[in-house]
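The chain contents come next:
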Amino acid sequence: MHMVIYALVEESTHDDALATGKTVFDRLVGADPHASAVFDYHVTFDEEDTSVAGKARWGELPTAAPVDSDDGQDLLERGWEATKEEFKRNLERVREALDELSDEEIMRDEDLARHAFHQVGAYDGPTIFLYTEHGTGIRHRGQLDRLLEESEELWIVPADVHF
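Now for a quick tour of the structure. Bear in mind that the values here come from a model prediction, so they are computed numbers and not experimental data.

Focus: the pattern of salt bridges
Okay, step 1: All chains considered together, the criterion is met by 8 salt bridges.
Okay, step 2: Between Lys22 and Asp46 there is a salt bridge, and its shortest N-O distance comes to 2.9 Å. Here Lys22, found in helix α1 (residues 14-28), pairs with Asp46, found in the loop between β2 (41-44) and α2 (55-58); they are 24 residues apart in sequence, far enough to count as distant.
Okay, step 3: Linking Asp145 and Arg141 is a salt bridge whose minimum nitrogen-to-oxygen distance equals 2.8 Å. Placement of the pair is Asp145 and Arg141 together in helix α6 (residues 141-150), with a separation of 4 residues, close to one helical turn.

Following this line, the structure appears as structure tokens:
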């Protein structure tokens, strides 16, 4: 499956932001020898040589945008809303499992209950759409707000990832 994720990076130029974003995405696909793979591969929106990912799948998106620009705000909102929606969806599945299933059924992962528990607690992967420049998933609004307040030249870089 494919999804668009976003790296928030502090850089002074578009090219530097894109390069740092690619480094984040490399970490998330395990290309960095000190990182484990969360996704299978990534394609940024400056890449032209693919017919199944990036622009070919999602259309034109900025390759990198200052967070305080209109494009940057749009990308940030997309990423945050997607994170919230996935959290709410999985949390509802957890609540249903707790209400409807026995402990033994949950332990056996009936109706993928334990998977939903895992997704609610995930720090990265398919339920997290925003990442710091260190490859850390942004899981709650306070974390995002702190990053937005403390950064002087924050850029957002989108990538299509497969998982």
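Structure shown, so let's carry the discussion forward.
Section: the packing of aromatic side chains
Okay, step 1: Tallied over the full model, the rule gives 1 aromatic pair.
Okay, step 2: Where Phe39 meets Tyr131, the ring centres are 6.5 Å apart and the plane angle is 85 degrees; that geometry is what we call edge-to-face. Here Phe39 is found in the loop between α1 and β2, whereas its partner Tyr131 is found in strand β4 (residues 130-132), with 92 residues between them in sequence.
Okay, step 3: Classification of Tyr131 as buried rests on a relative accessible area of 0%.
Okay, step 4: Geometry around Tyr123 places Arg139 over its ring, the cationic atom sitting 3.9 Å from the centre.

Concerning unusual backbone geometry
Okay, step 1: One non-glycine residue, Asp111, lies in positive phi territory at about 55 degrees.
Okay, step 2: If you trace the backbone, Asp111 turns up in the loop between α4 (103-107) and α5 (113-120).
Okay, step 3: Positioned with a positive phi, Leu112 is a non-glycine residue whose angle comes to about 60 degrees.
Okay, step 4: The residue Leu112 is located in the loop between α4 and α5 in this model.

Conventions adopted
Residues numbered from 1 in each chain as written. Predicted model: local features only at pLDDT ≥ 70, side-chain atom pairs only at ≥ 80, totals over all residues. Heavy atoms only, no water. Salt bridge = Lys/Arg side-chain N within 4 Å of Asp/Glu carboxyl O. Helix = DSSP H or I, 4+ residues; strand = E, 2+ residues; numbered from the N terminus. Phe/Tyr/Trp six-rings, centres within 6.5 Å; stacked < 30°, edge-to-face > 60°. Buried < 20%, exposed > 50% of the residue type's maximum accessible area, 1.4 Å probe, protein only. Lys NZ or Arg CZ within 6 Å of the ring centre and 35° of its normal.

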